[in-house]
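Each chain is listed here by its residues.
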Amino acid sequence: MEEALAHPDACLQAVHEPRYLAFLASAWDEWLATGNEGDAFPSVWAIRGMRSDVIPDNFAARLGLFSFDTGTPLTAGTWAAARAGADRPLSAAAWIASGERSVFALTRPPGHHAGPSFFGGYCFLNNAAIAAQALRDRGAARVAILDVDFHHGNGTQEIFYRRNDVLFASIHGDPRTEYPFFLGYADEQGEGPGAGFNLNLPLPAKAAVADWFTALETALARINGFAPEALVVSLGVDAFAGDPISKFLLQTVDYQRLGERLAKMGLPCLFVLEGGYAVAEMGANVAAVLEGFEG
Ligand SMILES: [Zn+2]
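This structure is a prediction, so every number in the text was calculated from the model and none was measured.

Some thoughts on the packing of aromatic side chains
Thinking step 1. Applying the stated criterion across every chain, the model contains 14 aromatic pairs.
Thinking step 2. Each ring, one from Phe197 and one from Phe226, has its centre 5.9 Å from the other, and the planes form 70 degrees; the classification is edge-to-face. Taken together, the positions of Phe197 in the loop between strand 3 (166–173) and strand 4 (198–203) and Phe226 in helix 7 (residues 209–226) put the pair 29 residues apart, joining distant regions of the chain.
Thinking step 3. An aromatic cluster of at least three residues, connected via ring pairs, comprises Tyr20, Phe23, Trp31, Phe59 and Phe66.
Thinking step 4. For Arg222, the ring lying beneath its charged end belongs to Phe197, and the centroid distance is 5.6 Å.
Thinking step 5. A cation sits over an aromatic face here: Arg257 above Phe213, 3.7 Å from the ring centre.

Structure, rendered in structure tokens:
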């Protein structure tokens, strides 16, 4: 267990818009200064046809501009936790760059739903994207991200959607029925220079474990073809059968098998903790992945 080292805000600006970071840093104080009490929930959004290039003065308008759901309130300490949390993947990237075979960034809040300029899905700063970018900045020519959280990593996808130096591959619940609903379909394959560098493998609720591992092989084959110099794993463990809000059927032993399979990739591997709501089993499932990898 190593303590994370503090990293400068410039490491965040590589994947998040400065106007978004500035809002998050001051939002809680602003919320209190306007006479509000309790957590800050967004109530209005810049939906299709409206403008998102103008930053309104009104706090509620800005809260909506930089968010996409009501499940992710701002509270006292949100920014401090997210900002300190992002130092974990940044430190992990530094250790991978200096030769570590694998590092697990144990961090909260999670990150994969946070986009370039918005929070949501309990996520504020995209830790996996921050890690991938840090690995690029430290010299890795190509970095792959594998997202095994039950939910699609819409934020990670959006951050790298037009890039060919970071491949994003995700196995997740079909967005026709599962959060985040509005992204994560199989026909989203990247745009412009990023065309062909985004792979979504949605599966139906209650998909057989064998089908999940078939999807994993598809993702890993694509990652092998990309020949990355490092692999970032968005390690949500809410694909677990006992997860109360998700609908896949993996058991703890399957997480060990996942770790064993990832080790066979022969790549430096940076694990970032994402979702997981079966709280009693979460630690065992994460440990199973890491033990499988190390074994
Ligand atoms: Zn999730």
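Some words on the pattern of salt bridges
Thinking step 1. Following the criterion strictly, the structure yields 10 salt bridges and no others.
Thinking step 2. When the shortest N-O distance is used, the salt bridge between Glu191 and Arg162 registers 3.5 Å. Note that Glu191 is positioned in the loop between strand 3 and strand 4 and Arg162 in the loop between helix 6 (154–160) and strand 3, a separation of 29 residues in sequence.
Thinking step 3. The exposure class of Glu191 is partly exposed, given its relative accessible area of 40%.
Thinking step 4. For Arg261, the salt bridge is made with Glu217, and the minimal N-O distance between the two is 2.7 Å. Of this pair, Arg261 sits in helix 8 (residues 252–263) while Glu217 sits in helix 7, and the two are 44 residues apart along the sequence.
Thinking step 5. According to the relative accessible area criterion, Glu217 is partly exposed, its value standing at 35%.
Thinking step 6. Three or more residues joined by partner-sharing salt bridges are found here, namely Asp9, Arg83 and Asp87.

Focus: the environment of Phe213
Thinking step 1. Within the element layout of this structure, Phe213 appears in helix 7.
Thinking step 2. Once the C-alpha coordinates of Phe213 and Glu229 are considered, the two residues, 16 residues apart in sequence, prove to be 23 Å apart.
Thinking step 3. Contacts of Phe213, omitting those with residues within four sequence positions, involve Asp254, Arg257 and Leu258.

Examining helix 4 (residues 78–97)
Thinking step 1. Compared with the 28 Å implied by 1.5 Å per residue over 20 residues, the 29 Å span of helix 4 between its first and last C-alpha is a close match.
Thinking step 2. Immediately downstream of helix 4, the backbone of Gly99 shows phi near 115 degrees, a positive value.

Examining the nonpolar core
Thinking step 1. In this structure, Phe23, Leu74, Leu135, Val232 and Leu270 are the most contacted members of the largest nonpolar core, which totals 44 residues.
Thinking step 2. Setting aside its immediate chain neighbours within four residues, Leu270 contacts Pro89, Ala92, Ala93, Ile96, Val103, Ala131, Leu135, Leu231, Val232 and Val233.
Thinking step 3. With 42 residues, the next largest nonpolar core counts Val209, Phe213, Ala239 and Cys269 among its residues.

Some details on the sheet that holds strand 1 (residues 102–105)
Thinking step 1. Judged by pairing direction, the sheet is parallel, and its 6 strands sit side by side in the order 1-6-5-2-3-4 without closing on themselves. Every other strand in the sheet has two partners, leaving strand 1 and strand 4 as the edge strands with one partner each. Between one strand axis and the next, the sheet turns by 15 degrees as a mean value, whatever way the strands run.
Thinking step 2. Across 5 bridges, strand 2 (residues 143–147) lies against strand 5 (residues 230–235) in parallel orientation. Looking across to strand 5, one finds that Ala144 is bridged to Leu231.

Quick notes on the pairing of strand 3
Thinking step 1. Taking burial as the measure, the 8 residues of strand 3 include 8 buried ones, the bulk of the element.
Thinking step 2. Pairing between strand 2 and strand 3: 5 bridges, direction parallel. Its bridge partner lying in strand 3, Asp147 is registered against Ser170.
Thinking step 3. Of the strand pairs in this sheet, strand 3 and strand 4 are connected by 6 bridges, and their pairing is parallel. By the bridge assignment, Phe168 is partnered in strand 4 with Asn198.

About the criteria used
- Residues numbered from 1 in each chain as written.
- Predicted model: local features only at pLDDT ≥ 70, side-chain atom pairs only at ≥ 80, totals over all residues.
- Heavy atoms only, no water.
- Phe/Tyr/Trp six-rings, centres within 6.5 Å; stacked < 30°, edge-to-face > 60°.
- Helix = DSSP H or I, 4+ residues; strand = E, 2+ residues; numbered from the N terminus.
- Lys NZ or Arg CZ within 6 Å of the ring centre and 35° of its normal.
- Salt bridge = Lys/Arg side-chain N within 4 Å of Asp/Glu carboxyl O.
- Buried < 20%, exposed > 50% of the residue type's maximum accessible area, 1.4 Å probe, protein only.
- Contact = heavy atoms within 4.5 Å.
- Expected span 1.5 Å × (residues − 1).
- Core = buried A, V, L, I, M, F, W, Y, C linked by side-chain atoms within 4.5 Å.
- Pairing = 2+ DSSP bridges.
- Axes fitted to C-alpha atoms, helices over the stretch in contact; angles between N-to-C directions.

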